[in-house]
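Structural features, examined
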Amino acid sequence: MLKNFWYACEFSAAITTNPKQVRILNQKLVFYRNAKGQLIALQDRCPHRGAALSLGWVKDDCIHCPYHAWKFQADGKCINIPANQPGIPIPKNARVDSYPIQEKYGFIWLFYGDLPEEERPPIPPLPEFEDPSLQKIFFEYELNAHYTRTLENDMDMSHVSIIHSKSFGNGFALEQKMEDYELNVGEWEGHAKVNVRDYTKAKDLFAFVFRPLKANVKVTLGFYMPNITRLVVDFGRGKLVNFTVHVPVDDRTTITKRIQFRSFLTFPWADGIFQRAAYKVVMEDKGVVESEYPMAVPDKLSDEVHVPCDNLSLAYRKLRQKCLAMGWGMKPYQNQVDDSNGNLMPPSP
Ligand code: FES
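No experiment lies behind these values; they were computed from the predicted model shown.

Quick look at the environment of lysine 136 now. In this fold, lysine 136 is placed in strand β11 (residues 135–143). Since its relative accessible area comes to 27%, lysine 136 is described here as partly exposed. Note: C-alpha distance between lysine 136 and glutamine 260 (124 residues apart in sequence) is 5.4 Å.

Right, here's the structure in full:
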């Protein structure tokens, strides 16, 4: 896991004035909006007896603990203890951590780290979100896998004609010709352009969606550090874009949240077809991705064997190594299951 990035961790519509627990980076946080619409992210653990603040309520722009109703303001400071006798001051350590948070492109973004604002890597662009001609659907699923594995799977080209041969995969050449594979790597991102020569063998739902659009299909696959993938399928007469965030819940769980845009079949009644198609693809990948060992991609490139069609994944691993070399790595907590429900607990302050 890496610190010092903006993490998209929930869809905007899911955060209301009702507190919601969000699990990310081995932490449990609570997100909510106050009456002014301001977004707030706090540690979801009351400093009094450890109750989850997400079970409490929001009033007067503050969150109240469900157990003894301690009242916390947006910066995490406790400003009222109902059971306190008059004149007894509120203890200085009656506070929870608060986190920078913002809303963009239909996601809530949390900054986790210690960099000053001006040095933080930017939130990646998503111009399709503002394009009213595109129809969009929101989609999410959970896998028992590390986010580095689900991310790499999302941009892995050579598995497509193997694992997805019963859906959309037959149109991809098993061997990518390297002259068709153009890789561009930036400071925090990498993208590969691939030409797909034959897309006519797509099956089932995918045949319905893709065959009418068959053309010289161009695919761009890419990533933004540390946990976002972007897929653009350009059919000439229409395009499909997946912007997918792989939310690192803990060392063995990833919740993947995707906004998919399309410029064809833009009727809302077609949304269900695309939802089902996306779900089918995930189910085809699930068993294999959850079987990968070790759970996270290795820190050393030499610990796995690579071939040229893995160059996009390699570009990701190299940027990840760069982050680790800068001290942005976070300790894994795989063996620190220390509550009675088997939940991973955050490190001691
Ligand atoms: Fe939160 Fe007591 S546990 S107020």
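With respect to the element layout, arginine 33 can be found in strand β3 (residues 27–33). Looking at arginine 33, its side chain comes within polar contact range of the main-chain oxygen of isoleucine 15, at 2.6 Å.

If you walk through the whole model with that rule in mind, you get 18 salt bridges. Between lysine 71 and aspartate 60 there is a salt bridge, with its nearest N and O atoms 3.5 Å apart. Placement of lysine 71 in strand β7 (residues 71–72) and of aspartate 60 in the loop between β5 (57–59) and β6 (62–64) is noted, with a sequence separation of eleven residues between them. Judged by relative accessible area, aspartate 60 falls into the exposed class, the value being 53%. Linked through salt bridges whose partners overlap, the residues forming this network are Arg149, Glu152, Glu292, Glu304 and Arg317.

Let us look at the packing of aromatic side chains. Taken as a whole and assessed by the stated rule, the structure comprises 13 aromatic pairs. Here the aromatic rings of tyrosine 99 and tyrosine 112 are separated by 5.8 Å at their centres, their planes lie at 15°, and the arrangement is stacked. On the criterion of sequence distance, the pair formed by tyrosine 99 in the loop between β8 (78–80) and β9 (101–104) and tyrosine 112 in strand β10 (residues 107–112) is long-range, its members being 13 residues apart. Members of the aromatic cluster, each reached through a chain of ring pairs, are Phe11, Phe107, Trp109, Phe138 and Phe243. The ring centre of phenylalanine 111 lies 4.0 Å from the NZ or CZ of arginine 120, which sits over that ring. Directly above the aromatic system of tryptophan 188 lies the positively charged group of lysine 322, at a separation of 4.6 Å from the ring centroid.

Turning to unusual backbone geometry, a few remarks are in order. Look at the link from methionine 225 to proline 226: it is a cis peptide, with omega at -5°. Residue proline 294 follows tyrosine 293 across a cis peptide bond; omega there is -5°. Despite not being glycine, asparagine 26 has its phi angle at roughly 65°, a positive value. Mapped onto the fold, asparagine 26 is located in the loop between β2 (20–24) and β3. Its identity as a non-glycine residue notwithstanding, aspartate 61 has a phi of 65°, on the positive side. If you trace the backbone, aspartate 61 turns up in the loop between β5 and β6.

So, how was this worked out
Residues numbered from 1 in each chain as written. Predicted model: local features only at pLDDT ≥ 70, side-chain atom pairs only at ≥ 80, totals over all residues. Heavy atoms only, no water. Helix = DSSP H or I, 4+ residues; strand = E, 2+ residues; numbered from the N terminus. Buried < 20%, exposed > 50% of the residue type's maximum accessible area, 1.4 Å probe, protein only. Polar contact = N/O pair within 3.5 Å; in protein donor to acceptor, adjacent residues only side chain to side chain. Salt bridge = Lys/Arg side-chain N within 4 Å of Asp/Glu carboxyl O. Phe/Tyr/Trp six-rings, centres within 6.5 Å; stacked < 30°, edge-to-face > 60°. Lys NZ or Arg CZ within 6 Å of the ring centre and 35° of its normal.

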